[in-house]
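Per-entry structural report
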Amino acid sequence: MGTEFWLVVQWWVILFLFGLAAWPLTQTLFNGWWDKGYLFSKAVGLVVVSYTIWFGASIHILPFTSPVILLVLASVFVVSALACGWIGAFTVKDADGRRSLQLSLDVAPGLFKSFTWDNVKIYIFAEALFLAALLFWSYVKGHEPSIRGLEKFMDFGFAKSIQTNTFFPPSDMWYSGLTINYYYFGHFVMAMLSKFSGVDLRYGFNLMLASLFAFTCTMSFSIGYELVVSSLKLPPTRYKLLALIAGLFTAFLMSFAGNMQTLYAFTKGYTGENVKPFWELMWSPEEFPTRYKEGMNTYWYANATRFIPYTIHEFPSYSFVVSDVHGHVLSLPFVLLAIALLLQIFGRQKAHTENFLYPLFYGLLVAVLFMTNVLDAPIYMGLFVVLSFLLFSPTIFRVGGWFGTHGLFTVLAFVTGPLILPFVTNFKSFVNGVAVNCPPAGMADQKIGILLFETVDKCQKSPIWMMYLLWGFFIYTGIWFMFTVHGSRFKEWFHRFTPMEKVLLVMFVYSIGLIIFPEFFYFKDIYPQHFRSNTMFKLGYQAYIMFTILSGYAIVKIISLNSPSVWKKVFIVLLIPHLFFVAIYPNFSIKSYFGKLGNYKTLDGLAWLKDQYPDDYEAVMWMDRKIQDKQLPGVPAIASVKSPPVIVEADGDSYTDYNRVSAYTGAPAVIGWAVHEWLWHGTYDVVAPRRDDVSRIYTDPDIAMTQKILAKYDVSYIIVGTIERQKYANILEDKLKTLGTVVFESGDTYIIKIEDRLYNSSPVSY
């Protein structure tokens, strides 16, 4: 790892500062939590600081710069410390019958109470745990750091485009002239951390992934630990060890485990999407001792996320391995923070029903979730409402008193909806409604309210046995947990659980609803055959997270019961195969993607480009350097630059090496990955003309027509490199050179600066 170790430390210090800035607020939110909420402080800091900066840049009052980030960090610490009584408090005192507002400047006793030796030991342990997880996944990621393949070009391009913009919304690097029409807040957080830390995004991209792994490990650890501390009545000598086991076990399930589709590793296997029932692929008893290793060696770990045909059902462990820093991964710290807050609010409701800080902050958190991974917002707002209804009512399933006593508590969370206004005013959803899966023949091609009834061909159902392989481990542990404590009637049974256990039970049933939903409905997008794929993906991902929290605690609780019984033995015996299959997943995924961890390379995500396309790499570096310096040849250096210049490069299909310059520099291309832009704009009609224009720029001999096209898009630079020659076999390089001046050249790759005389308008504004 060498010198890159210090890059990791540098990145960690910045995360530590974000946690420190929000520490007073975090401690107030997680009052009574075993670590005072310390392992959530970094996530709380990211929510408050990043939202403040984003909002300021979105309404054009705070530029997105490092000094502004530092200013907001300091301000958040001071304000939260004042509000939470650390360094002073606003007080109102009576003086001769009149009220006067006074500000105490004394250091509050609460500050010293937070730093007793017992607490400091917990903080040191928690910070060491986070740093260890960060270093571990940084080391793992260094074995395959390439920012290439799947969604990596898109994710890096978003972050790079955000970094090149002073105010928001940021420009779309794959559709010049427009801004990003995607939920990009998580990418903004990545861009912000890279900018403020001084770590180049080519490293920061992989460090962000390692950070997300560390957040997931440590925050799930804290939740698992707290559930034991608050729910199990045990002597101190025993609960600490059991809580530690529960925390580590929950962290393992959340960060490493998969699903039971790994059963296919012990079969003859299948190829592609030709999924066959596992019982048809089993080795015979005579063959198994010698042949099962064939399946172990050929099992493809990605099949666990594409098992049910035409669907996606990912989980965090897979996300960390394939390394797409995508919206559903970027939201993990915020999701786990939401779950912890729900446990805190509803698991300790007597202490928090009158504290409006909780719904206000939770509303802010939901706004952040919406802008990071949009479906997470209704999922966790819905869960908040369900928990309010069930656990704040005087009696379960009875509305009486809920609207009067606690209605305001829920409404305040919704009031924070205006926080997303700067985002939604520049965002057009690419979901066209809620459609019915397998609509009745007589209802085809109709719409009733928000429900769409498409053709009868839009009908996909998940076989029960497939669903069990995906979710069986969680369903098994959840059902056993539900009936660990028995009662004669449902009401009595439910109320024998602790408050936090009740929250877990509600989350369990709620998660079952999330995985059932795509069997009947889906959110309509552009995909014809994989029409319910994204719906199952986004809902199932959150179900997996909530299921994991329950399973981690349930297993520890059931096994730790003092009264040995035949039922506990049955549970353990049946648990072993379930747990075995989900636990062995990283044995396949990590070894496959990272080359059995046998050759550490680097954390530099662009090293692959330098190795395989050295001349294109130099062109990318030149363009990126000039954009950052704002000193492009022939272009005025204007301090108030809003976005980088428009470029032309070969466009191509999604998940390929096309559009590497725009993705790696943030400079907007005329058009980028076609299917992605099609999805973001809802129609291919806006994509096709641009693709045709780019082709004419490179291949049409008509110079006048080419000049008109260049002027139409206000193009400043034309890229000619390996990819362009691969796509356009009849590329007219002599023509291209007549359009401007070659300002960069490396080997066979060069960049042409378009002459300003081609345009009737004023010179380019970069």
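Remember, predicted model here, so these are calculated numbers, not experimental data.

**Some thoughts on the confidence of the model for the protein**
Averaged over all residues, the pLDDT of the protein equals 86, while 85% of them reach at least 70. A low-confidence stretch, residues 394-405 stays under pLDDT 50, and its non-local contacts, those more than four residues away or across chains, total 17 contacts.

**Some words on the environment of Ile162**
Position of Ile162 relative to the elements: it lies in helix H7 (residues 152-163). For the pair Ile162 and Tyr184, spaced 22 residues apart in the sequence, the C-alpha separation amounts to 9.0 Å. Each residue touching Ile162, except ones within four places of it in the same chain, is listed here: Phe64, Phe168, Pro170, Tyr184, His187, Phe188 and Ala191.

**Some points on the packing of helix H16 (residues 357-372) against helix H17 (residues 376-391)**
Closest axis-to-axis distance for the H16/H17 pair is 7 Å, and the angle between their directions is 155°. For the element pair H16 / H17, the angle class is roughly antiparallel. For the pair formed by H16 and H17, the contact residues are Tyr362, Val366, Leu369 and Phe370 on the first element and Asp376, Ala377, Tyr380, Met381 and Phe384 on the second. Of the residues in the contact of H16 with H17, the class split is eight nonpolar, no polar and one charged.

**So, the state of the cysteines**
For the structure shown, the criterion picks out one disulfide. The disulfide partner of Cys438 is Cys459, and the gap between their sulfur atoms is 1.9 Å. Negative torsions about the S-S bond denote left-handed disulfides, and the value of about 85° found for Cys438 with Cys459 makes this one right-handed. Residue Cys438 is located in the loop between strand S3 (434-436) and strand S4 (446-448), and its partner Cys459 is located in the loop between strand S5 (451-453) and helix H20 (464-482); the two are separated by 21 residues in the primary sequence. Residue class for Cys459 comes out partly exposed when judged on its relative accessible area of 39%.

**Notes on the nonpolar core**
A general tendency of soluble globular proteins is for nonpolar side chains to be buried together. Counting 249 residues, the largest nonpolar core has Trp137, Phe188 and Leu337 as its most contacted members. In terms of residue count, the dominant contributor to this core is helix H9 (residues 201-231) (17 residues). Not counting chain neighbours up to four residues away, the residues in contact with Phe188 comprise Ser50, Ile53, Trp54, Phe64, Ile162 and Phe168.

**Re the pattern of salt bridges**
Oppositely charged side chains can form a pair if their charged atoms are brought close together. Here the structure, examined in full by the defined rule, presents 20 salt bridges. Two residues, Glu144 and Lys601, come together in a salt bridge whose shortest N-O distance is 3.5 Å. Highlighted residues: Glu144 in the loop between helix H6 (117-141) and H7 and Lys601 in the loop between helix H25 (585-593) and helix H26 (607-612), separated in sequence by 457 residues. For Glu144, a relative accessible area of 17% translates into the label buried. With relative accessibility at 46%, the residue Lys601 sits in the partly exposed group. In this structure, the salt-bridge partner of Arg660 is Asp616, at a minimum N-O distance of 2.9 Å.

**Some points on the packing of aromatic side chains**
By the definition in use, this model includes 87 aromatic pairs. Look at Tyr51 and Trp54: their rings are 5.7 Å apart centre to centre, the planes differ by 45°, and that puts the pair in the tilted class. Of this pair, Tyr51 and Trp54 both sit in helix H3 (residues 41-58), three residues apart, which is roughly one turn of the helix. For Trp54, a relative accessible area of 0% puts it in the buried group. Ring plane angle 55° and centroid distance 5.5 Å describe the contact between Phe64 and Phe168, whose orientation is recorded as tilted. Separated by 104 residues along the polypeptide, Phe64 in the loop between H3 and helix H4 (66-83) and Phe168 in the loop between H7 and helix H8 (185-197) bring together distant segments of the chain. Each member of the pair, Phe64 as well as Phe168, is classed as buried.

**Observations concerning the pairing of strand S10 (residues 749-754)**
For S10, the tally of buried residues reaches six of six residues, placing the bulk of the element in the interior. Because side chains alternate across S10, one face comprises the buried residues Thr749, Ile751 and Lys753, and the other comprises Tyr750, Ile752 and Ile754, equally buried. Both strand S8 (residues 715-720) and S10 contribute to a ladder of four bridges, which runs antiparallel. Paired with Val720 across the bridge in S10 is Tyr750. Both strand S9 (residues 740-746) and S10 contribute to a ladder of six bridges, which runs antiparallel. Paired with Gly740 across the two strands is Ile754, which belongs to S10. What sits between S9 and S10 in their antiparallel hairpin is a turn of two residues, with Gly747 showing a positive phi close to 60°.

**Section: H17**
The end-to-end C-alpha separation of H17 is 22 Å, in line with the 22 Å expected for 16 residues at 1.5 Å each. Three or more residues of H17 are buried, namely Asp376, Ala377, Ile379, Tyr380, Met381, Leu383, Phe384, Leu387, Ser388, Leu390 and Leu391.

**Re the sheet that holds strand S6 (residues 521-523)**
The strand order across the open sheet built from four strands is S4-S5-S3-S6, with neighbouring strands paired in mixed fashion. Edge positions in the sheet fall to S4 and S6, since each has one partner strand and no second. Recorded for the sheet is a direction-independent mean angle of 30° between the axes of neighbouring strands. Summarising the sheet, S3 and S5 pair through two bridges and their orientation is parallel. Note that in S5 the partner of Val434 across the bridge is Leu451.

Definitions and cut-offs
- Residues numbered from 1 in each chain as written.
- Predicted model: local features only at pLDDT ≥ 70, side-chain atom pairs only at ≥ 80, totals over all residues.
- Heavy atoms only, no water.
- pLDDT = per-residue confidence, 0-100.
- Contact = heavy atoms within 4.5 Å.
- Helix = DSSP H or I, 4+ residues; strand = E, 2+ residues; numbered from the N terminus.
- Axes fitted to C-alpha atoms, helices over the stretch in contact; angles between N-to-C directions.
- Parallel < 35°, antiparallel > 145°, perpendicular 65-115°, else oblique.
- Nonpolar A, V, L, I, M, F, W, Y, C, P; charged D, E, K, R; others polar.
- Disulfide = S-S within 2.5 Å.
- Buried < 20%, exposed > 50% of the residue type's maximum accessible area, 1.4 Å probe, protein only.
- Core = buried A, V, L, I, M, F, W, Y, C linked by side-chain atoms within 4.5 Å.
- Salt bridge = Lys/Arg side-chain N within 4 Å of Asp/Glu carboxyl O.
- Phe/Tyr/Trp six-rings, centres within 6.5 Å; stacked < 30°, edge-to-face > 60°.
- Pairing = 2+ DSSP bridges.
- Expected span 1.5 Å × (residues − 1).

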